[in-house]
Amino acid sequence: MSLQEEIETKSKEILTDSYSISVGEVISMYNDGDIDIHPEFQRFFRWTSPQKTKLIESLLLNIPVPPIYVSQRTDGVWDIIDGLQRLSTIFHFVGCYKDVDEKILDPLVLEKTKLLPSLEGKTFKNEKNPENAFSEYEKRFFKRAKLSFVIIRKESDSSSKYELFQRLNSGGTSLSEQEIRNCIMVMTNPDLYNRIEELSKYSNFTESLRLNDKAISERYDLELVTRYLCLRKESTDKIKYISDFGTYLNDRIVELFESSIDWETEFSIFKKTFDAIFEALGDEAFCKYDTTNKKFSGRFYTSVFEFVAIGLGRHDGITNKNTLKSRITSLWDKIERENISWKGSNPSGRLSKTLDLANQLYAEN
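On a predicted model such as this, the values are computed, not experimentally measured, just so you know. (Residues numbered from 1 in each chain as written. Predicted model: local features only at pLDDT ≥ 70, side-chain atom pairs only at ≥ 80, totals over all residues. Heavy atoms only, no water.)

Participant: Tell me what's going on with the nonpolar core, and back it up with residues and numbers.
Facilitator: F274, I277, F286, F305 and F307 are the most contacted members of the largest nonpolar core, which totals 62 residues. Those elements giving two or more residues to this core turn out to be helix 7 (177–188), helix 8 (190–199), helix 11 (220–231), helix 13 (245–257), helix 14 (263–281), helix 15 (302–313), helix 16 (321–337) and helix 17 (347–361). With 9 residues, the single largest contributor to this core is helix 14. Among residues more than four places away in sequence, those in contact with F305 are F205, L209, L224, F274, F286, F300 and I310. Formed by 34 residues, the second largest nonpolar core is a distinct cluster that contains I80, I90, F142 and I151. (Core = buried A, V, L, I, M, F, W, Y, C linked by side-chain atoms within 4.5 Å. Buried < 20%, exposed > 50% of the residue type's maximum accessible area, 1.4 Å probe, protein only. Helix = DSSP H or I, 4+ residues; strand = E, 2+ residues; numbered from the N terminus. Contact = heavy atoms within 4.5 Å.)

Here it is, written out as structure tokens:
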């Protein structure tokens, strides 16, 4: 297929409309349930109070703000793809924003700015202290401010909103790749995401990892759960052609979320896997083994996680717990003796080697 043909094909997969909508109309849409801003995302996106005040100031002064991107679902509701903080700030300011538990937050109190110092201490409405609230004129003026929306129509390719979400939220943000992936999972199936979030807190899983605070704050623990679930049943042929592992995880987890696999079985095998590993090796499971000194030491290694944990998962978590430690140390002896290395390999090259080692490790259970 030529470049021109690719452009023509892909451009037809994403159908968009653009609208300019008043703040008042957007508030009404939110109150009527016509916009889903996914309050679950607030754990990943966080604006400071000055950032929120600057948005309100921009709307009052007609300073352009970036367009808000939404995806129209089959039921007509708009899913927010980019613009969560802008919209949640507006709803928070007018006093109608609900958190993940459907609780309305206390209204936002503004701070003074260089251009509008009188904003300090102001709220949209305040019956107990009217002098600190917006006047009726100021309320109307604010609600008449315009927001630009780009809508991905429901006729578009189903993966378009995930691709767009990833692109819009990858640049200029402090989110890790996994935090962006978490948002994609929430957009696909929030209930299933919550179940996977619970897995990341499973004691024998968390206690077997030696992760530093930075890795945990960026949700690398949840990425490891995602890797496990994505690779547990993945074909070796497909693994050979993984080039960008982050893109693979994004696409694969959405594929799994939209499939009809038996998730209860998946969760059971996950727990069985880490019960066996933690019982055998504790928090040394994913460290390197010194074949000379006969001991595990050092930090967590992703490659070791692949052949120990993902490998066991690919064997349905079935192993002899009593011999697991000795089998793992024997595998390390083999790695040392045969000078097996995956250093410098791309993800597909490394996985081909680590999962091959896993097959050897769990060949006989």
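That covers the picture; the talk isn't over yet.
Participant: Tell me what's going on with unusual backbone geometry, and back it up with residues and numbers.
Facilitator: One non-glycine residue, N62, adopts positive backbone phi at about 60°. Following the sequence through the fold, N62 ends up in the loop between helix 3 (49–60) and strand 3 (68–72). By relative accessible area, which is 59% here, N62 ends up exposed. Non-glycine residue K294 carries a positive phi angle of around 60°. Examined against the element boundaries, K294 turns out to sit in the loop between strand 6 (288–290) and strand 7 (295–297).

Participant: A description of the sheet that holds strand 5 (residues 146–152) should follow, citing residues and the corresponding values.
Facilitator: Pairing in this open sheet of 5 strands is mixed, and the strands run 1-5-3-4-2 from one edge to the other. The open sheet terminates on both sides in strands that have one partner only, identified here as strand 1 (16–22) and strand 2 (35–36). Packed on one face of the sheet, helix 4 (residues 84–94) meets strand 2, strand 3, strand 4 (78–82) and strand 5 and runs near 120° to strand 4. (Pairing = 2+ DSSP bridges. Axes fitted to C-alpha atoms, helices over the stretch in contact; angles between N-to-C directions.)

Participant: Requested: an account of the pairing of strand 3, with residues and values cited.
Facilitator: By the bridge criterion, 4 bridges tie strand 3 to strand 5 in an arrangement that is parallel. When the bridges of strand 5 are listed, S71 appears paired with I152. As paired strands, strand 3 and strand 4 are joined by 4 bridges and run antiparallel to one another. Paired with V70 across the bridge in strand 4 is I80. Counting the residues between successive antiparallel strands, the hairpin from strand 3 to strand 4 contains 5 residues, one of them, G76, with a positive phi of roughly 90°.

Participant: Could you give an account of the pairing of strand 4, with specific residues and numbers?
Facilitator: The buried fraction of strand 4 is high, at 5 of 5 residues. Across 2 bridges, strand 2 lies against strand 4 in parallel orientation. When the sheet's bridge partners are listed, D36 is paired in strand 4 with D79.

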